[in-house]
Amino acid sequence: MMQPQQGVSLKAYNTLGIDVKAAFFTQICHLDQLQAAQKFCLAQGCPWLLIGGGSNLVLTEDFAGLVMVMAMEQIDWPTTAANEAFVVTAQAGCEWDALVAASIERGASGLENLSLIPGQVGAAPIQNIGAYGVEVKQYLRQVQVFNFASGELFEMTAQACELGYRDSIFKYHKHWIVTQVTLQLRRDHQPQLQYGIIAETIIEMTGKPALEATVQQVRDAVISIRQTKLPDPKSIPNVGSFFKNPIVSAAQAAHIRQAWPDLVAYQVDDLSYKLAAGWLIDQLGWKGYSQAGVGVHKLQALVLVATGKHVSGAQVLSLARRIQADVQLQFGVGLEVEPRLFDSRGECYL
Ligand code: FAD
Ligand code: NAP
C-alpha cells in the first residue's frame, strides 16, 4: 500500500502559482506507482487528479483526494538507419520542450514550431498542442494509456485519440492517463512557414531566405517570437491562452466585420472562420487590465496573469467570466475556456 504525503501545497505544481492543498500527494516515477495509486484511491474512495507541468489547469479549491504528479521520464531514441523513420518514444513526464530540443539535436524535424510550449510530453495529446500552424497530431503515432478506473494498460493509435483543435478523446475519457507517447518525426526538413511571423523573424535573425533555414534556426525564431510576446510563467504566472479561438460561420464573421472592419479572422473552410480571440478581447480594452493581482497580459490579451501574491482560482475565473460576458455582448461570440478547471473533487466548468 502506498503512503502518500498529506496536506501538500500545490503552489509549485501549477504555473498560475495558486496555493491550494492536496489531501494526499505523490509523484509517479514508475508504472507500478500508478497501479498502487489506483488501489489507494479505490480503498479510500477518494477522487484523484493527475498533474503534468501544471501549465494548462486552474485549481480553485483544496483537493479532497490524491494528487499525482507525473514524473516518468525515460526516452527511447531510435537506433534505426538514416533512411528509416525517426520514431521516438518518451514517457509522459518528460518535459515537452526538452524533447523538441533533443530531437532536433539528433537530426529530426517536425516539432520545431512547437518549441517552448511548457508542460509535459504526456499532456501534448490531451489538447493536441499546437502553435504556428503545426499540431502534435501531425507527428503522433501512438500512445500508451493506463485506465485509472480498471487498472488496465493499453496502446492507442494516433487516429484513435480523435485529435482536433485543442481537443482529443482524453478530454472525455477522464480516467485515461497517458503514460507514454510515440512520435514519428521527419529526417528531411521543410520549414513550416504558414504563419508569416516565422519567415519574417528567420530573415531578421539569419539574413537569409526563410526557406533555407535549418531546423535549429526555425526553433530559434519560434523561441525568440515567444519570448518577446508571451509571459514566462516563472516570472509572470499564467496558463497561456485562456480561451480557444472561436470558430464561427462565414455569415457571422461577415456580420461582425461590418461593425469591426479590422476583424482578425482566418478562413477554416468554405463555411467557417476562426476568429483571433485575443484580438476580440483587445478591442474591448482588456489588454493590460489588472485588479487585485489578477489581470490580462499587456502584450497578449488572450493570456490571463496572476501577479498578486495570494491569487485564488476563483479570482482568475471571475475575470474570465467578465471577459467572456463582454465578448458575448459586444461581438455575439461565445468564448470557450482552454485550460482545465478543478474544484475539490475533480473537473469543473466556468
Ligand atoms: P497540465 O497543466 O499538468 O495538465 C493539463 C490537463 O491535462 C489536466 O487536465 C491534466 O489532468 C491532464 N493531463 C496532464 N498530463 C496527463 C497525462 N499524462 N495523461 C492524461 N491527462 C493528463 N498550449 C498549446 O497548445 N500551444 C501553445 O503554444 C501553448 N503555449 C503556452 C504558453 C504558455 C506561456 C503557457 C503557460 C501555456 C501554453 N500552452 C500552450 C498550454 C500548455 O502548455 C499545454 O496545454 C501543455 O500541453 C500542458 O502540459 P502540462 O504538462 O503542463 O499539463
Ligand atoms: P498571434 O500570432 O498573435 O495570432 C493570433 C491568432 O491568430 C493565433 O491564435 C492564431 O491561431 C491565428 N493565426 C495567426 N496567423 C495565422 C495564420 N497564418 N493562419 C491561421 N491562423 C493564424 O498568436 P500568439 O498568441 O502570438 O500565439 C502564437 C502561436 O502560439 C499560435 O499558434 C497560438 O495558438 C500558440 N500559442 C498557444 C497558447 C496556448 O496556451 N494554447 C499560448 C501561446 C501561444 P492558432 O492559435 O489557431 O494558431
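See above for the structure.
None of the values given here were measured: they were computed from a predicted structure. (Residues numbered from 1 in each chain as written. Chains lettered and ligands numbered in written order. Predicted model: local features only at pLDDT ≥ 70, side-chain atom pairs only at ≥ 80, totals over all residues. Heavy atoms only, no water.)

Caption draft 1: Broad picture of the site of ligand 2. The environment of ligand 2 is made up of 18 residues, and the closest members are Arg166, Tyr195, Lys229, Lys274 and Gln300. At 2.5 Å from an oxygen atom of ligand 2 is found a side-chain nitrogen or oxygen belonging to Lys229. Gln300 has a polar side-chain atom sitting 2.4 Å from an oxygen atom of ligand 2. Burial of ligand 2 by the surrounding chains reaches 80%, relative to a free accessible area of 790 Å². Each of domain 2 (75-185) and domain 3 (238-348) gives at least three residues to the shell around ligand 2. (Near = heavy atom within 4 Å. Polar contact = N/O pair within 3.5 Å; in protein donor to acceptor, adjacent residues only side chain to side chain. Areas by Shrake-Rupley, 256 points an atom, 1.4 Å probe, with all protein chains shown as cover. Domains from an automatic or database assignment.)

Caption draft 2: Region of the structure containing the sheet that holds strand β13 (residues 238-241). One open sheet accounts for four strands, arranged β13-β19-β18-β17; its pairing is antiparallel. One side of each edge strand has no neighbouring strand; the edge strands of this open sheet are β13 and β17 (290-291). Both β13 and strand β19 (residues 303-306) contribute to a ladder of two bridges, which runs antiparallel. Directly across from Ser241, in β19, lies its bridge partner Val303. On top of the sheet, helix α7 (residues 313-331) reaches β17, β18 (294-296) and β19; it is set at about 35 degrees to β18, its chief contact. (Pairing = 2+ DSSP bridges. Helix = DSSP H or I, 4+ residues; strand = E, 2+ residues; numbered from the N terminus. Contact = heavy atoms within 4.5 Å. Axes fitted to C-alpha atoms, helices over the stretch in contact; angles between N-to-C directions.)

Caption draft 3: The pattern of salt bridges, seen in detail. Inspection of the entire model under this criterion finds seven salt bridges. Arg186 is the partner of Asp188 in a salt bridge, and the nearest nitrogen-oxygen pair spans 2.8 Å. Across the salt bridge formed by Lys287 and Asp282, the nearest N and O atoms sit 3.2 Å from each other. Under the relative-accessibility criterion, Lys287 is labelled partly exposed at 34%. (Salt bridge = Lys/Arg side-chain N within 4 Å of Asp/Glu carboxyl O. Buried < 20%, exposed > 50% of the residue type's maximum accessible area, 1.4 Å probe, protein only.)

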